[in-house]
Amino acid sequence: MEHHIAIADGVYWVGVNDRRTKLFESMWPLPHGVSYNAYLIDDEKVVLIDAVKDLFSGDLAGNLHALLGGSRPVDYLVINHIEPDHSGAVQLLRQLFPQMQIVGNKKTVEFLQHLHGIGDNLLVVQDGDELALGRRTLRFALTPMVHWPETMMTYLAEEGILFSGDAFGGFGTLERGIFDDMLPEHVLVEDEALRYYSNIVGRVSPMVQNALKKLAGLELKMVAPTHGLVWRGNPRRIVDLYDRWSRYQAEEAVVLAYASMYGNTERIMEAVAHALTRAGVRDLRVHNVAESHPSYILRDIWRARGLVIGTPTYELGVFPMVDNLLSMLHEKRLCERTLGIFGSYGWSGGGVKGVQEFAAKMKWEVVEPVVEARFATKAEHLVQVEQMARALAKRVREFHPA
Ligand SMILES: Cc1cc2nc3c(=O)[nH]c(=O)nc-3n(C[C@H](O)[C@H](O)[C@H](O)COP(=O)(O)O)c2cc1C
Ligand SMILES: [Fe+2]
Ligand SMILES: [Fe+2]
C-alpha cells in the first residue's frame, strides 16, 4: 500500500490495513481484514484526523514522515473517537511531535486521562466550534454514542469532507483503492459495511438518527470514515444506507436460523424453507447457528423483515447457541421484525417457550402457529409449517418499503 493517498488538495489518507487481527473487538471475524483510516490535512497548520491501533503506530509514523519529511510537525491531532483502534498511536505521536495539541471534547479529555494518562496539550472543543487552519477551517459536530460517548465528527467546510469516525465505516482492507468509485458494484462492499453496522453500531441506531439529523444541512462531497471505503463517487449512498439501517428498515427477505443435535429440528427447518419458498419468499438465508458466526447472522437479520428461529430443547431451555444469538439480538435492540418459531423437545420442553419469551421481550410480532414436535416430526407439524410460512411470507410482503 502507498504511504499516503491524496483525497483532496492537501488532504491525504495516511491509514493502515490490518490483516493480522483475526477478531475485531475479540469477537467479530475479519476474513477480509479491516482498515484504520487516518487523514492528514496539510494547511498552514498540519492536522491529523484520528490515528491507528497501537500495533500500527510505526506504520502511521512512516506515512507521516513520507509526507512531511523531518521538518514539519503535526500541529493538531483531532480525536473524533478515542477507541484504541484509533487512538492507540497517540503516545508515539506525542513523542514525535511534542508540541502537538490534541483536539477533543470534554468527554474525550476525560477518557484520554484514564485510557492514556494524558492531561496536557489539549484543545477542548464544543459542538459547532471551528478551528482555523489557515486557508481552511474545521468544524466539529458532537455525535455522542456513535459509537462511544465522546464520539464527534469533523467537517472540512471548504472541501465538503466529513471525517465521520466509525459512522459510515465498514470491515475489509483497502487494497484495490480507497474510494467507492474505484470498485465495481460488488456485493462485498455493502455486505461488509452492513456487517460492520449491525455488529458494531447497530445498538446505537437512535443516536445514528440524531447524528444524521445534525448532518442534514451539510454539503457532503466526501465521507471519510475511520474504517473502510472513502465515499467520494456517491457519498449519499452510504448515508442513505445508514439512515435505512438505523431506522430498522428491512427488505422483503427472511432469515432462518436454527440448531439441531439429532436432526429433528433440522427436518422442520427443511420443511419451513420449502414452504417459505412456495409462499413466494425469494430472498431466504439459512444459518445453522452452530456453524455460522453470529456476526454474519446478525448482518443478515438486520436487512431481513422476517426471521424464523428453530431450536431443540436443551437442558430445559433454548439450545445454547440459539440462546446466544437471541441475547445478541436483544443487546443490539433490533426492532420491528416478524418472527416464526419452531422446535423439538423430548419430555419437559422449554426451547420453544424460551424463544416465545424472547419475542415478547423484543415486542416482536410472532406468526401463528408456533410449531413444536415431541421428538420426531409428524404429519400435523407439516400442516402447521405450511400455515406459519404462508403467514410470515404475507407479513414480510406487507412491510416491504415502497
Ligand atoms: C443433551 C440433551 C439435552 C436435552 N434436554 C432436554 C430437556 O431438558 N427437555 C426436553 O424436553 N428435551 C430435552 N432433550 C431432548 C431433545 O430436545 C429432543 O431429542 C429433540 O428432538 C432434539 O432435537 P434435534 O434432533 O433437532 O436435536 C435433550 C436432548 C439432548 C441431546
Ligand atoms: Fe469504535
Ligand atoms: Fe473504530
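Per chain, the residues get numbers from 1 upward, laid out in the order the sequence is written. Labels are handed out in written order, letters beginning with A for the chains and numbers beginning with 1 for the ligands. Reporting of local features is limited, given that this is a predicted model, to residues whose pLDDT is at least 70; pairs of side-chain atoms are given and counted only at 80 or more, and all residues count toward the totals for whole chains, interfaces and linings. Values reported for side chains reflect all heavy atoms of the structure, with hydrogen atoms and water molecules removed beforehand.

Some words on the domain arrangement of the protein chain
Where the parts come together, the accessible area they lose is often given as the size of the interface. Applied cut-off: For the domain bounds, the source is a domain assignment made automatically or taken from a database. Summed over both partners, the accessible area (1.4 Å probe) lost when two parts come together is defined as the buried area. Salt bridges are identified by distance alone: a Lys or Arg side-chain nitrogen within 4 Å of an Asp or Glu carboxyl oxygen. In protein, a polar contact means a hydrogen-donor-capable atom and an acceptor-capable atom, both N or O and within 3.5 Å, with residues adjacent in sequence counting only if both atoms are side-chain atoms; elsewhere, any N or O pair within 3.5 Å suffices.
Structurally, the protein chain comprises domain 1 (5-246) and domain 2 (251-396). Distance from the C-alpha centre of domain 1 to the C-alpha centre of domain 2: 38 Å. When the buried area of domain 1 at its contact with domain 2 is split by residue, L194, S198 and R203 rank highest and sum to 38% of it. Counting the contacts that link domain 1 with domain 2 gives two salt bridges. In this structure, the salt-bridge partner of E251 is R244, at a minimum N-O distance of 3.3 Å. One can count seven residue pairs in polar contact (both at pLDDT 80 or more) joining domain 1 with domain 2.

Some details on the packing of aromatic side chains
Two aromatic rings, taken as a pair, are described by how far apart their centres are and by the angle between their planes. What counts, and what does not: In this scheme Phe, Tyr and Trp rings, the latter by its six-membered ring, pair at centre separations within 6.5 Å, and the angle between planes marks the pair as stacked below 30 degrees, edge-to-face above 60, and tilted otherwise. Working definition: helices are DSSP H or I runs of at least four residues, strands are E runs of at least two. Numbering for both runs from the N terminus. Each residue gets one of three labels from its accessible area relative to the maximum for its type: buried under 20%, exposed over 50%, partly exposed in between, using a 1.4 Å probe on protein chains only.
A full pass over the atoms with the stated rule returns 14 aromatic pairs. A centroid spacing of 6.4 Å and a plane angle of 65° characterise the contact between F24 and Y196, whose relative ring orientation is edge-to-face. Of the two residues, F24 is situated in strand β4 (residues 23-24) and Y196 in helix α5 (residues 187-201); the sequence distance between them amounts to 172 residues. Judged on exposure class, the residue F24 and its partner Y196 are both buried. Between Y314 and F319, the ring centres sit 5.6 Å apart and the planes meet at 85°, which makes this aromatic pair edge-to-face. We classify Y314 as partly exposed; its relative accessible area is 31%. By relative accessible area, F319 is classed as buried at 11%. Taken together, F168, Y197, Y242, W245, Y248 and W302 form an aromatic cluster joined through their ring pairs.

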